[in-house]
Amino acid sequence: MEDRYFQLSSKMMRIGRLRRQIVDNSVEELGLMPSQHYVLMQLSREGSVPSQVEIARMRHVSPASVARTVKNLDAQGYIRRHSGGADGRMNAISITEKGERLVRRGHAFFQRMEAASFAGFSDAELAQFSALLDRVLENLTHIEEATKGS
């Protein structure tokens, strides 16, 4: 039984790595680094990004790395930084039309990739697969919560 669990876990990890490699390659074809793409997607979706410290924590990188990402996106014309706050030091960030065009190109690619990933699956199979993955996520969440308290 343990061997079957290992095989399933290995397949999930291989799928994740392969998907990440495909995404990273496509993002690079757009002329971006994955971190830059993340910030642009967040801005396009939400209209704002978390603080640089929060982005660094979520992406497991240094705040200085995030600052360089934002600076490069600004220099390339994909975002615009605005002074904010009472002291004028806090930067607000907005996405430019150039950035939005790039996001739309990336979004179209991701839609094609996701559709191709699940080609041949019926709606019922997709619903069942989604429910099974939800159970795995719930189980892993319980494990994570239990290990945080250790």
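For the structure itself, look to the data block above.
So, how was this worked out
- Residues numbered from 1 in each chain as written.
- Predicted model: local features only at pLDDT ≥ 70, side-chain atom pairs only at ≥ 80, totals over all residues.
- Heavy atoms only, no water.
- Axes fitted to C-alpha atoms, helices over the stretch in contact; angles between N-to-C directions.
- Helix = DSSP H or I, 4+ residues; strand = E, 2+ residues; numbered from the N terminus.
- Parallel < 35°, antiparallel > 145°, perpendicular 65-115°, else oblique.
- Contact = heavy atoms within 4.5 Å.
- Nonpolar A, V, L, I, M, F, W, Y, C, P; charged D, E, K, R; others polar.
- Expected span 1.5 Å × (residues − 1).
- Buried < 20%, exposed > 50% of the residue type's maximum accessible area, 1.4 Å probe, protein only.
- Patch = residues over 30% accessible without salt bridge, like charges linked within 9 Å, V, L, I, M, F, W, Y side chains within 5 Å.
- Areas by Shrake-Rupley, 256 points an atom, 1.4 Å probe, with all protein chains shown as cover.
- Salt bridge = Lys/Arg side-chain N within 4 Å of Asp/Glu carboxyl O.
- Phe/Tyr/Trp six-rings, centres within 6.5 Å; stacked < 30°, edge-to-face > 60°.
- Lys NZ or Arg CZ within 6 Å of the ring centre and 35° of its normal.
- Polar contact = N/O pair within 3.5 Å; in protein donor to acceptor, adjacent residues only side chain to side chain.

Packed helices, taken two at a time, are described by their axes: the angle between them and the distance between them. Relative orientation of the contacting elements helix 2 (residues 34–46) and helix 4 (residues 63–75) amounts to 75 degrees, with a least axis distance of 10 Å. Considering the angle they form, helix 2 stands roughly perpendicular to helix 4. Listed contacts from helix 4 to Ser35, Gln36, Val39 and Leu40 of helix 2 are Thr69, Asn72 and Leu73. When the residues that make up the contact of helix 2 with helix 4 are grouped by side-chain class, the tally is 3 nonpolar, 4 polar and no charged.

Position of glutamine 42 relative to the elements: it lies in helix 2. Once residues within four sequence positions are removed from consideration, glutamine 42 is found in contact with Gly47, Ser48, Val49 and Pro50.

Spanning 28 residues, helix 1 (residues 2–29) covers 41 Å between terminal C-alpha atoms, matching the ideal 40 Å at 1.5 Å per step. Looking only at helix 1, the buried set comprises Ser10, Val23, Asp24, Ser26 and Val27. Buried residues in helix 1 make contact with helix 2 and helix 5 (97–117). Looking one or two residues past helix 1, glycine 31 carries a phi angle of roughly 90 degrees, positive in sign.

What follows deals with a nonpolar patch on the surface. The grouping of Met12, Phe118, Phe121, Leu126, Phe129, Leu133, Val136, Leu140 and Ile143 at the surface amounts to a nonpolar patch, some 710 Å² of accessible area in total. For the nonpolar patch, the leading source of residues is helix 6 (residues 123–148), giving 6 residues. Given the relative accessible area of 38%, phenylalanine 121 is considered partly exposed.

Moving on, we come to the pattern of salt bridges. Within this structure, the stated rule accounts for 4 salt bridges. Residues arginine 20 and aspartate 24 are paired through a salt bridge, measuring 3.4 Å at the closest nitrogen-oxygen approach. Within this pair, arginine 20 and its partner aspartate 24 are both found in helix 1, separated by 4 residues, close to a single helical turn. Of the charged contacts, one joins glutamate 97 and arginine 104 as a salt bridge, the two residues approaching to 2.8 Å between their closest N and O atoms. On the basis of relative accessible area, glutamate 97 is assigned to the partly exposed category, the value being 46%.

As a further point, take the packing of aromatic side chains. Per the stated rule, a full pass over the model turns up 4 aromatic pairs. An angle of 55 degrees between the planes, with centres 6.3 Å apart, marks the rings of phenylalanine 118 and phenylalanine 129 as tilted. Here phenylalanine 118 is found in the loop between helix 5 and helix 6, whereas its partner phenylalanine 129 is found in helix 6, with 11 residues between them in sequence. When its relative accessible area of 33% is taken as the criterion, phenylalanine 129 is described as partly exposed. Site record: aromatic cluster; members linked through ring pairs are Phe118, Phe121 and Phe129. The ring centre of tyrosine 78 lies 4.9 Å from the NZ or CZ of lysine 98, which sits over that ring.

Let's shift gears to the environment of arginine 81. Checked against the element boundaries, arginine 81 lands in strand 1 (residues 79–84). For arginine 81, a relative accessible area of 34% gives the class partly exposed. Sequence separation between arginine 81 and serine 122 is 41 residues; the distance between their C-alpha atoms is 45 Å. A polar side-chain atom of arginine 81 sits 3.3 Å from a polar atom in the side chain of aspartate 74.

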